[in-house]
Amino acid sequence: MAKCVLLCLLVGLIGSQAQTPTLLRDTIWGEFPSVVRVKTPRENQFCLGTVINSNHVLTSAFCVLSYDRMRIFPARLVRVIGGDISVTPAAITRQTRTGQHIFVHEDYRPHTYENNLAIIRLAEPFHLPSNAIEEAVIRMRIVPEQHPCDVVTWYRAPGTEGNPSQEIPRQQAFNVNIRNRDVCAAERRTEFTLEENSLCTYTTTTIGVVQGDPMFCDGELTSIQSYVFLPPVTGQPQPQPQSQPNLVSTQVRFYLHWIHMQLNRTQPMPGGWNPVEY
């Protein structure tokens, strides 16, 4: 009986550590219609956002701040492109908008990545309903451990110089599984906590992600990518970081009240606001 119990515990432990191999793939039309591109004055960088309604897009605070994270970009210099999954050729369903206002979470902390969210209000709403753009459905339920989800990113595949069609920046996605928050937190070398509003996922290979990349579980918007860290390799004289990163994201359901406040907000961010002084 004791042997059976021990065997069952070992099987359960191994199963809990199992990770489906991470595969990066091109998305298809209609798969993530709420995901849009956000182009800021940052050179050669696209962030991703998610349509909350026809007038507002959710993204990360990092995406709409200057390189030193001390200044919000002027909204008129921020473009939001929806209804397309590739830079070129432009789809007939593409809709491009400029920003009217940008609202960064007032308690955003750039060094700890807390409250890493922002809302972009568009100068002109997206035309909805559309066959290529729709509002995101926000997940309200708890995501269990090992649950499979998809992270959407904007990626240029490496090593494809011989195939021009593969060099085009385009929307892609990759699979992840939800990790135990406490186990993930214990692998951080600088701080051994993860806030309850965070989710941790694990990939079996290194994939480029940007703060603001959304994660969907069962087709519902679940979280926004916030930061990445590499756990140390144990058993070495000097701990070395692994090549498989932990991805930490911010759960959207914890911020519904803040999001709804921004949708009805009538005043812009205070002049000269920056996350260090406020």
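Structure first, text after, so check above.
The following refers to the structure shown. (Residues numbered from 1 in each chain as written. Predicted model: local features only at pLDDT ≥ 70, side-chain atom pairs only at ≥ 80, totals over all residues. Heavy atoms only, no water.)

Structural notes on the packing of aromatic side chains
How two aromatic rings sit relative to each other is given by the distance of their centres and the angle of their planes.
Here is step 1: All chains considered together, the criterion is met by 3 aromatic pairs.
Here is step 2: Ring geometry for Tyr113 and Tyr227: centres 4.8 Å apart, planes at 25 degrees, overall stacked. Here the residue Tyr113 occupies a position in the loop between strand 6 (95-104) and strand 7 (118-122), and Tyr227 occupies one in strand 12 (residues 220-229), the gap between them amounting to 114 residues.
Here is step 3: By relative accessible area, which is 25% here, Tyr113 ends up partly exposed.
Here is step 4: Tyr227 gets classed as buried once you look at its relative accessible area, which sits at 9%.
Here is step 5: We note Arg42 situated over the ring of Phe62; from NZ or CZ to the ring centre the distance is 4.3 Å. (Phe/Tyr/Trp six-rings, centres within 6.5 Å; stacked < 30°, edge-to-face > 60°. Helix = DSSP H or I, 4+ residues; strand = E, 2+ residues; numbered from the N terminus. Buried < 20%, exposed > 50% of the residue type's maximum accessible area, 1.4 Å probe, protein only. Lys NZ or Arg CZ within 6 Å of the ring centre and 35° of its normal.)

As for the side chain of Thr59
Here is step 1: The residue Thr59 is located in strand 4 (residues 56-59) in this model.
Here is step 2: Taking the relative accessible area as the measure of exposure, Thr59 reaches 0% and is therefore buried.
Here is step 3: At 2.9 Å, the side chain of Thr59 and the backbone oxygen of Leu48 are in polar contact.
Here is step 4: Residues contacting Thr59, with those up to four places away along its chain left out, are Leu48, Gly49, Val64, Asn116, Leu117, Ala118, Ile120, Gly212 and Ile224. (Polar contact = N/O pair within 3.5 Å; in protein donor to acceptor, adjacent residues only side chain to side chain. Contact = heavy atoms within 4.5 Å.)

Section: the sheet that holds strand 5 (residues 79-82)
The strands making up a sheet associate through hydrogen bonds between their backbones, and the pairing can be parallel or antiparallel.
Here is step 1: Ordered in space as 2-3-4-7-6-5, the 6 strands form a closed barrel in which the pairing is antiparallel. Mean inter-strand twist for the sheet, computed between neighbouring axes without regard to direction, equals 40 degrees.
Here is step 2: For strand 2 (residues 35-39) and strand 5, the ladder comprises 3 bridges, and the chain directions are antiparallel. Paired with Lys39 across the strands is Arg79, a residue of strand 5.
Here is step 3: The sheet strands contacting helix 3 (residues 256-263) are strand 3 (46-53), strand 4, strand 6 and strand 7, and the helix crosses strand 7 at an angle near 25 degrees. (Pairing = 2+ DSSP bridges. Axes fitted to C-alpha atoms, helices over the stretch in contact; angles between N-to-C directions.)

Describing the state of the cysteines
Here is step 1: Summed over all chains, the structure comprises 2 disulfides.
Here is step 2: Between the sulfur of Cys149 and that of Cys217 lies a disulfide, 2.0 Å long from S to S. Torsion about the S-S bond of the Cys149 and Cys217 cystine: about 100 degrees, corresponding to right-handed handedness. In this pair, Cys149 sits in strand 8 (residues 148-155) while Cys217 sits in strand 11 (residues 214-217), placing the two residues 68 residues apart along the sequence.
Here is step 3: One disulfide bridge connects Cys184 with Cys200, the sulfur atoms lying 2.0 Å from each other. The chirality of the disulfide connecting Cys184 with Cys200 is right-handed, given an S-S dihedral of about 65 degrees. (Disulfide = S-S within 2.5 Å.)

So, to be careful, I would describe these as geometric facts and stop short of saying anything about function.
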